[in-house]
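Each chain, written out:
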Amino acid sequence: MVEIQDTLVSLDVFREQFCCDLGRCKGQCCVEGDAGAPVDEEEIADLEEAAELLSDELTPEARQVIDDEGVVGIDRDGTFVTSVVNGRDCVFAVRGDDGTTLCAIDRAHREGRTAIEKPLSCALYPIRLSDVGGMTALNYHRWDVCRSACELGKSLQLPVYRFLKEPLVRAFGQKWWDECELVATELKKAGYLD
């Protein structure tokens, strides 16, 4: 781990290579898993607003879950997570014409229809955040459904942190990102990175 401002960053964030490959994985991360995406308490109001704004785009099953349970629940670890349909699909998961699962919030944001962004935990994946002694730790999460993303990342020689520049800046700011780039350069000089 290396310290960047008030965060601890795993060396795997610099070493591992990653680039989402929706053409191959078909957005399985919005469907697979044992709970919805982690959500910060501050994001709940935005998710509620997004559910109302995008209601017509969500599946009837997702709308029913939202009506019955809300946009978030609490997982077995006591963490807020997006609600899911039938124990699988995130309530914001929608299918494209080719069967690829997409995030309705992310699609609307990219199309300029809302300023609301998808949960930070989704944007930062495959990085997962945790608290370690009062500091935020950034760890690389390995998940079999992302095998194609690892393969594409290797072929592009794209480290995780560079793939996630935009959400990392969103989470920690430009100064943090600039320091992250300096750390990566120093790690490479010192022989910690290939």
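Everything that follows concerns the structure shown earlier in this document.
Predicted, not measured: the structure shown is a model, and the values here were computed from it.

Enquirer: Would you mind going over the nonpolar core with me for this structure?
Expert: In a soluble, globular protein the nonpolar side chains are often hidden away together inside. Counting 27 residues, the largest nonpolar core has Val9, Phe14, Ile127, Tyr161, Leu168 and Trp176 as the members making the most contacts within it. Within the residue set of this core, elements represented by two or more residues are β1 (2-4), α1 (12-15), α6 (120-124), β10 (135-140), α8 (160-163) and α10 (174-189). If you tally residues by element for this core, the top one is α10, at six residues. With residues near it in sequence (within four places) discarded, isoleucine 127 still touches Val13, Leu138, Asn139, Val160, Leu164 and Leu168. Judged by nonpolar contacts, the second largest core, of 23 residues, contains Val39, Val85, Cys103 and Ile105.

Enquirer: Explanation requested: unusual backbone geometry in the structure shown.
Expert: Of the consecutive residues tyrosine 125 and proline 126, the connecting peptide bond is found in the cis state with omega at 20°. Looking at the secondary structure, you find proline 126 in the loop between α6 and β9 (127-132). Here lysine 26, not a glycine, exhibits a phi torsion of approximately 60°, which is positive. For lysine 26, the position within the fold is in the loop between α2 (22-25) and α3 (44-53). Positive phi is not limited to glycine here, since asparagine 86 has a value of about 55°. Structurally, asparagine 86 is set in the loop between β5 (84-85) and β6 (89-90).

Enquirer: So what exactly am I meant to see when it comes to the pattern of salt bridges here?
Expert: Oppositely charged side chains are able to pair whenever their charged atoms sit close together. Following the criterion strictly, the structure yields 17 salt bridges and no others. With a closest N to O distance of 4.0 Å, lysine 118 and aspartate 106 form a salt bridge. Placement of lysine 118 in the loop between α5 (104-110) and α6 and of aspartate 106 in helix α5 is noted, with a sequence separation of twelve residues between them. Exposure remark for aspartate 106: the relative accessible area of 16% places this residue in the buried category. In this structure, glutamate 117 engages arginine 170 in a salt bridge whose closest nitrogen and oxygen atoms are separated by 3.8 Å. One end of the pair, glutamate 117, is in the loop between α5 and α6; the other, arginine 170, is in helix α9 (residues 165-172), with 53 residues separating them in the sequence.

Enquirer: Any chance you could explain the environment of arginine 128 here in plain terms?
Expert: By secondary structure assignment, the location of arginine 128 is in strand β9. Arginine 128 sits in the partly exposed class, given a relative accessible area of 28%. Separated by 39 residues in the primary sequence, arginine 128 and aspartate 89 have C-alpha atoms spaced 20 Å apart. Those residues in contact with arginine 128 that sit more than four places away from it in its chain are Pro38, Ser121, Ala137, Leu138, Asn139 and His141. Separated by 3.3 Å, the side chain of arginine 128 and the backbone oxygen of serine 121 make a polar contact.

Enquirer: Looking at this model, I keep getting lost on the sheet that holds β1. Mind explaining?
Expert: In any sheet, the strands associate via hydrogen bonds between backbone groups, in a parallel or an antiparallel arrangement. On the basis of which strands lie adjacent, the open sheet formed by four strands has the order β1-β2-β10-β9 and mixed pairing. Each edge of the open sheet carries a strand with a single partner, namely β1 and β9. Going from strand to strand, the sheet's axes swing by 30° on average, the running direction of each strand aside. Where strand β2 (residues 7-9) and β10 come together, three bridges link them in parallel fashion.

Enquirer: Mind showing me how you'd approach the side chain of threonine 100 here?
Expert: Here threonine 100 is to be found in the loop between β7 (93-95) and β8 (101-103). Here aspartate 98 takes part through its side chain, which lies 2.9 Å from a polar atom of the side chain of threonine 100. If we ignore the near neighbours within four places in the chain, the residues touching threonine 100 are Leu22, Lys26, Gly27, Val94 and Arg95.

Enquirer: I'm lost on the packing of α9 against α10 in this one. Help?
Expert: Geometry of a packed helix pair, given as the angle between the helix axes and the separation of the axes. The N-to-C vectors of α9 and α10 enclose an angle of 125°; their axes lie 7 Å apart at closest approach. Relative to α10, the element α9 lies oblique. Residues Lys165, Leu168, Val169 and Phe172 of α9 lie in contact with α10, whose contacting residues are Gln174, Trp176 and Trp177. Class assignment for the residues of the contact of α9 with α10 results in five nonpolar, one polar and one charged.

Conventions we followed
Residues numbered from 1 in each chain as written. Predicted model: local features only at pLDDT ≥ 70, side-chain atom pairs only at ≥ 80, totals over all residues. Heavy atoms only, no water. Core = buried A, V, L, I, M, F, W, Y, C linked by side-chain atoms within 4.5 Å. Buried < 20%, exposed > 50% of the residue type's maximum accessible area, 1.4 Å probe, protein only. Helix = DSSP H or I, 4+ residues; strand = E, 2+ residues; numbered from the N terminus. Contact = heavy atoms within 4.5 Å. Salt bridge = Lys/Arg side-chain N within 4 Å of Asp/Glu carboxyl O. Polar contact = N/O pair within 3.5 Å; in protein donor to acceptor, adjacent residues only side chain to side chain. Pairing = 2+ DSSP bridges. Axes fitted to C-alpha atoms, helices over the stretch in contact; angles between N-to-C directions. Parallel < 35°, antiparallel > 145°, perpendicular 65-115°, else oblique. Nonpolar A, V, L, I, M, F, W, Y, C, P; charged D, E, K, R; others polar.

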